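# Coordinates in review
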Amino acid sequence: MLAESGVSGRLLLLAIVLLPGRAWAASELDPKEVLNQLHNVKVDPDQVYVLRHAQLIRDRVKLFFNRGYIGFFTKAAGEITGAVYIGEGEILLIPPTRVEKESLARFIHSPILEEQFTMAILRFTDQTARELIAVAERPEPDDPERPLDFPQKWNSAPHLLAVEDSPRIFEDLLGDRTLPYFHARLEGSSLKWFEVVDDERFPEAVSVVAARRGDDELFADCWCAFPSKSSAARRANLRPGMAKALSYDIDTHLEPGSSMTGRAELLLESLSSSDRVLTFDFSRLLSVSKVLDERGESLAVYQYPLQEDIEAGDRSKGWIQVVLPASHPVGDRFRIRFNYQGNVITDVGNHVLYVGERGGWYPNLGIGSPASFDLKFDYPESLTLVATGARIEQKTAEGRTRSRWRSDGVFRIAGFNLGPYHSVDRRVGKTTVEVYATREAEAALEERHTRKLAPHFVLPLPSRERTPSFPISPDVVRPLAPAALLQTVAESAAQALQYFESLFGPFPYSRLAISQIPGNFGQGWPGLVYLPTLAFLRKSERYELGLPEKAEDLLGHGMVAHEIAHQWWGNLLGWQTYHDQWLSEGLATYAAALDLSRQKDGDRRFHELLRGYKLDLLSKGKSGMSNEASGPIWLGQRLSNSLTPGGYDDVVYKKACWVLHMLRGLMSDPSTGSDERFFRLLRDFVATYQGMDVSTEDFMRHAEKYMTRSSDLEHDRRLDWFFNEWVYETGIPTYKLQSSVKQLSAKRFLVQGTITQSGVSSDFEMLVPVVAVVGNDKKAALGRVPVSEDGGRFKFTTTERPKRLAIDEENLLAISER
Ligand SMILES: [Zn+2]
């Protein structure tokens, strides 16, 4: 899967009114001086006021400052960009939609945010200072409550002043003033610290987030997020940023100690006529030495987080900001060159290397739009390097290898992997499948293997009592050998690729490379799949390592299939926002399940896998809430939070897989059972949207073209009813079926009955598949019964007397009560 930071990223990175009388024109400002001022903001002792009955309204957020003191910050670029308030205050926010109200309620047990606060830290590029100063008063010198130490107290702890907002404020101070930023950190009386943001550079401008711990991990819980009135009025899916990248030329030199020197030249196209700050994802383990424009002039560049704030080995996201001397008109194309060095490759033992930086090993403008990539690598001859794209050159001389890789399809991102690999390749139609793995497994996995296995090798002695209690030397254990299974993985990959071509259309790249990475997750880059060492092991070895049997269909072949399916779902077709990422994960997960179904004993294994997903969704977490109730699919990455750390995996992979399975059922022909429409829908969807980022709405409207008459529950040729229930809302229904059989003639039976529904909201409706259980416990589909809050009635005729009737639990995400 490709990772994209969703709303939670905003907490880390931390947007219509022109400010009249602003001291400087943006182009006159010295970026370095502005940034310096931003990094060193302090409460200005001359700007401390009393506030009474003041209020700020930012879209749907109302902040009341009832009685207290406010200290404004020293200026940056001639502007006040922050303030600290201590006193009595109150916030009121009513989210606009049911989904967001329910999301809020999961975190604070109320669909409305109404909270007293005692402190507020504000950062902004809008009119906040002007609005508040207009109603503030100077404190009386003899005011006994006047907090004399106010500035000193705050200035001693710069992080309390939210200086991490500096990069975001910097963009506005030097650029577009029509998309302002407002950020309030509030200390609530009962909710403790939380943050309210109105960042007009984001499509979903307004959000409420809180840093909370769950399962020993820190989460940026997003309580609610929605477009502001003005952000909704703009282009809905506008991504933040002043430019998009058209091409990347990247030259990477790798030394034996894994240190790397890089040069990148980017061709960009301007998206904003007033912005001049470009923000790139960029690893915090690399440092930029030079950034030049096309005339060779050096550009100001700032790297975040600041070097002194980085903890050793911390691989979390970093980024850089580059300041152009002037903005470019929209559509203008220009080039920027970068020089950088550092070390993003880790040796994890036994010669297994790990490129841990995903998309941050080059200055990356984000996965928002496809670009072309030309990658050159220079590395020690002893290593094999595999990158995204088609390899168009490779030469070895004097102990060094140089290779060149060019994008050969839709690319939003590029990556590489390297190691002392063994490899095999084979041809599948027009595509070459290459598989790369190391001879040994990474040290940590091998250690675990030895530890787990060694105790089983006890000396066979005649008497149990004399069995030695110590394990035998680890030398006895045959080490793991990922490269030994290259052929098996290549065979799996070739089969999955061929099968998916029949389902989704031609493979979108000229070759597919599969390379081993340490760890326990896979990732699908364009034309390049990362598979964890675990997927290169024998089933028995995974079992010895303590991996549950249940996981077997997901590891090994299942993971190969999932990651290959991402070549269509995720790479060829992207997703518009984090709300739509489920299409990519859900379809990759469902594709892997379908691939399982065409294997030996496939039908049983397919249904067992889905049954396992259903049980996972129904099982209850610590809070007593089912995993499925952690939120609707549409909330995407927000589902993993301090309340439900595994929410994303459960809902976006497993529930989405079920939703697609049920959609297939709805699209199948009621008389013949053919599911040909569903697969036509997928193939045509790929053909129509290739190279584009798709939304849930796109998929829904496209699916409607293939819906059957019987699935038209609302008689409007729309599938909103289905997507509303299963994608935009939570809830798994419980059904109870009662039936009777009447013999009409020798070979004709009338079966009739009712189905009642519970456990879901009153407007929930579904077409419930009913089966007849006949001789040999074989199931025969009878049809689908529309069931709503008022229940559903049915009548079918059969040629054999059924032993009983049942809800078809294999094809419905529901609980069936007997
Ligand atoms: Zn995935």
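Residues numbered from 1 in each chain as written. Predicted model: local features only at pLDDT ≥ 70, side-chain atom pairs only at ≥ 80, totals over all residues. Heavy atoms only, no water.

Another aspect to go through is the overall build of the protein. The helix and strand inventory of the protein stands at 17 helices and 36 strands. Expressed as a percentage of the 818 residues in the protein, the buried residues total 56%. Counting only carbon and sulfur atoms, one obtains 50% of the accessible surface of the protein, whose full area is about 35200 Å². (Helix = DSSP H or I, 4+ residues; strand = E, 2+ residues; numbered from the N terminus. Buried < 20%, exposed > 50% of the residue type's maximum accessible area, 1.4 Å probe, protein only. Areas by Shrake-Rupley, 256 points an atom, 1.4 Å probe, with all protein chains shown as cover.)

Okay, the pairing of strand S27 (residues 528–532) next. When you tally the buried positions in S27, you get five out of five residues, the bulk of the element. Residues Leu528, Tyr530 and Pro532 of S27 are buried on one face, and the alternating residues Val529 and Leu531, pointing to the opposite face, are buried as well. Bridge count for strand S25 (residues 511–517) against S27 is five bridges, and the pairing is parallel. Residue pairing in the sheet places isoleucine 517 in a bridge with proline 532 of S27. In terms of strand pairing, strand S26 (residues 523–525) meets S27 through three bridges, oriented antiparallel. (Pairing = 2+ DSSP bridges.)

Let us look at the packing of helix H13 (residues 602–618) against helix H14 (residues 647–667). Between H13 and H14, whose axes approach to 10 Å, the crossing angle comes to 130°. If you check the angle between H13 and H14, you find them oblique. Handedness of the H13/H14 crossing: left-handed. Contact residues: Phe606, His607, Leu610, Tyr613, Lys614, Asp616 and Leu617 in H13; Asp650, Val651, Lys654, Lys655, Cys657, Trp658, His661 and Arg664 in H14. Taken together, the residues that form the contact of H13 with H14 break down as seven nonpolar, two polar and six charged. (Axes fitted to C-alpha atoms, helices over the stretch in contact; angles between N-to-C directions. Parallel < 35°, antiparallel > 145°, perpendicular 65-115°, else oblique. Left-handed = near helix turned anticlockwise from the far one by under 90°. Contact = heavy atoms within 4.5 Å. Nonpolar A, V, L, I, M, F, W, Y, C, P; charged D, E, K, R; others polar.)

Our next topic: the coordination of the zinc ion. Protein coordination of the zinc ion is provided by His562 (NE2), His566 (NE2) and Glu585 (OE), with donor distances spanning 2.1 Å. The sequence pattern describing where the donors of the zinc ion fall on their chain is H-x3-H-x18-E. With histidine 566 in the loop between helix H11 (556–565) and strand S28 (574–575) and glutamate 585 in helix H12 (residues 581–597), this pair connects stretches of sequence that are 19 residues apart. Across the pair, glutamate 585 and histidine 566 agree in class, each one buried. (Donors = N, O, S within 2.8 Å, 3.2 Å for Na, K, Ca; no water.)

As a general point, the strands of a sheet are linked pairwise by backbone hydrogen bonds and lie either parallel or antiparallel. A sheet is described by the order of its strands in space; here five strands give the open sequence S23-S24-S25-S27-S26, paired in mixed fashion. The sheet terminates laterally at strand S23 (422–428) and S26, the two strands that pair on one side only. The average undirected angle you get between the axes of adjacent strands in this sheet is 15°. Where S23 lies against strand S24 (residues 431–437), seven bridges are found, and the strand directions are antiparallel. The residue of S24 that forms the bridge with aspartate 425 is glutamate 434. Sheet strands in contact with helix H9 (residues 486–504) are S23, S24, S25 and S27, and its direction is about 30° off that of S23.

Under the definition given, this model contains 41 aromatic pairs. Considering the side-chain rings of tryptophan 721 and phenylalanine 722, the 5.8 Å spacing of their centres and the 80° angle between planes classify their relative orientation as edge-to-face. The exposure class assigned to phenylalanine 722 is buried, which follows from its relative accessible area of 0%. In this structure, arginine 58 is placed above the aromatic ring of phenylalanine 182, and the distance from its NZ or CZ to the ring centre is 5.2 Å. When the ring centre of tyrosine 499 is taken as reference, the NZ or CZ atom of arginine 598 above it lies at 5.1 Å. (Phe/Tyr/Trp six-rings, centres within 6.5 Å; stacked < 30°, edge-to-face > 60°. Lys NZ or Arg CZ within 6 Å of the ring centre and 35° of its normal.)

For helix H3 (residues 98–108), every residue scored as buried is listed here: Val99, Glu100, Ser103, Leu104, Arg106, Phe107 and Ile108. Those residues of H3 hidden inside the fold are in contact with strand S4 (113–124) and strand S8 (217–226). One or two residues past the end of H3 sits histidine 109, with phi positive at roughly 60°.

In this section: the sheet that holds strand S6 (residues 192–199). Ordered in space as S1-S2-S3-S4-S5-S6-S7-S8, the eight strands form an open sheet in which the pairing is antiparallel. With one partner strand each, in any of the chains shown, strand S1 (43–58) and S8 form the two edges of the open sheet. Each neighbouring strand pair of the sheet contributes to a mean axis angle of 25°, computed without reference to strand direction. As paired strands, S4 and strand S5 (residues 181–188) are joined by seven bridges and run antiparallel to one another. Paired with alanine 120 across the strands is leucine 186, a residue of S5.

What follows is about the nonpolar core. In terms of nonpolar packing, the biggest core is built from 165 residues, with Leu278, Phe500, Ile514 and Phe722 touching the most fellow members. Sort the elements by how many residues they give to this core and H14 lands first, with 13 residues. The contacts of phenylalanine 722, once residues within four sequence positions are left out, are Val659, Met662, Leu663, Leu666, Val727 and Met766. Listed in part, the 38 residues of the second largest apolar core include Leu104, Phe117, Ala120 and Val196. (Core = buried A, V, L, I, M, F, W, Y, C linked by side-chain atoms within 4.5 Å.)

To continue, consider the packing of H14 against helix H15 (residues 676–689). The relative placement of two packed helices comes down to the angle between their axes together with the axis-to-axis distance. Between H14 and H15, the shortest axis-to-axis distance is 7 Å and the interhelical angle comes to 120°. One way to sum up the angle between H14 and H15 is to call them oblique. Residue-level contacts link Leu660, Leu663, Arg664 and Met667 of H14 to Arg677, Phe678, Phe679 and Leu681 of H15. Across the contact of H14 with H15, the residue classes break down as six nonpolar, no polar and two charged.

The topology assignment puts aspartate 595 in helix H12. By relative accessible area, which is 0% here, aspartate 595 ends up buried. In contact with aspartate 595, not counting residues within four places along its chain, are Ala496, Tyr499, Phe500, His557 and Ala561.

What follows deals with the pattern of salt bridges. As enumerated under the stated definition, the model contains 44 salt bridges in all. Between aspartate 165 and arginine 185 there is a salt bridge, and its shortest N-O distance comes to 3.6 Å. Here aspartate 165 is found in the loop between helix H5 (150–155) and helix H6 (166–173), whereas its partner arginine 185 is found in strand S5, with 20 residues between them in sequence. This pair shows no difference in class: aspartate 165 is buried, exactly as arginine 185 is. Among the charged side chains, a salt-bridge network with shared partners connects Arg168, Glu171, Asp172, Asp199, Arg201 and Asp275. (Salt bridge = Lys/Arg side-chain N within 4 Å of Asp/Glu carboxyl O.)

With that settled, the discussion passes to unusual backbone geometry. Backbone phi values are negative for most residues with the exception of glycine, while trans is the configuration of most peptide bonds. Phi at aspartate 59 is positive, roughly 50°, even though this residue is not glycine. Here aspartate 59 shows up in the loop between S1 and strand S2 (61–73).

Residue position: threonine 401 is located in strand S21 (residues 400–406). Among the polar contacts made by the side chain of threonine 401, one reaches the side chain of threonine 396 at a distance of 3.0 Å. When residues no more than four places from it in sequence are discounted, the contact partners of threonine 401 are Phe377, Asp378, Tyr379, Glu381, Gln394, Lys395 and Thr396. (Polar contact = N/O pair within 3.5 Å; in protein donor to acceptor, adjacent residues only side chain to side chain.)

In this section: the environment of glutamine 743. On the secondary structure map, glutamine 743 appears in strand S30 (residues 734–745). Taking the C-alpha atoms as reference, glutamine 743 lies 9.6 Å from threonine 799; in sequence the two are 56 residues apart. Those residues in contact with glutamine 743 that sit more than four places away from it in its chain are Arg748, Phe749 and Arg801.

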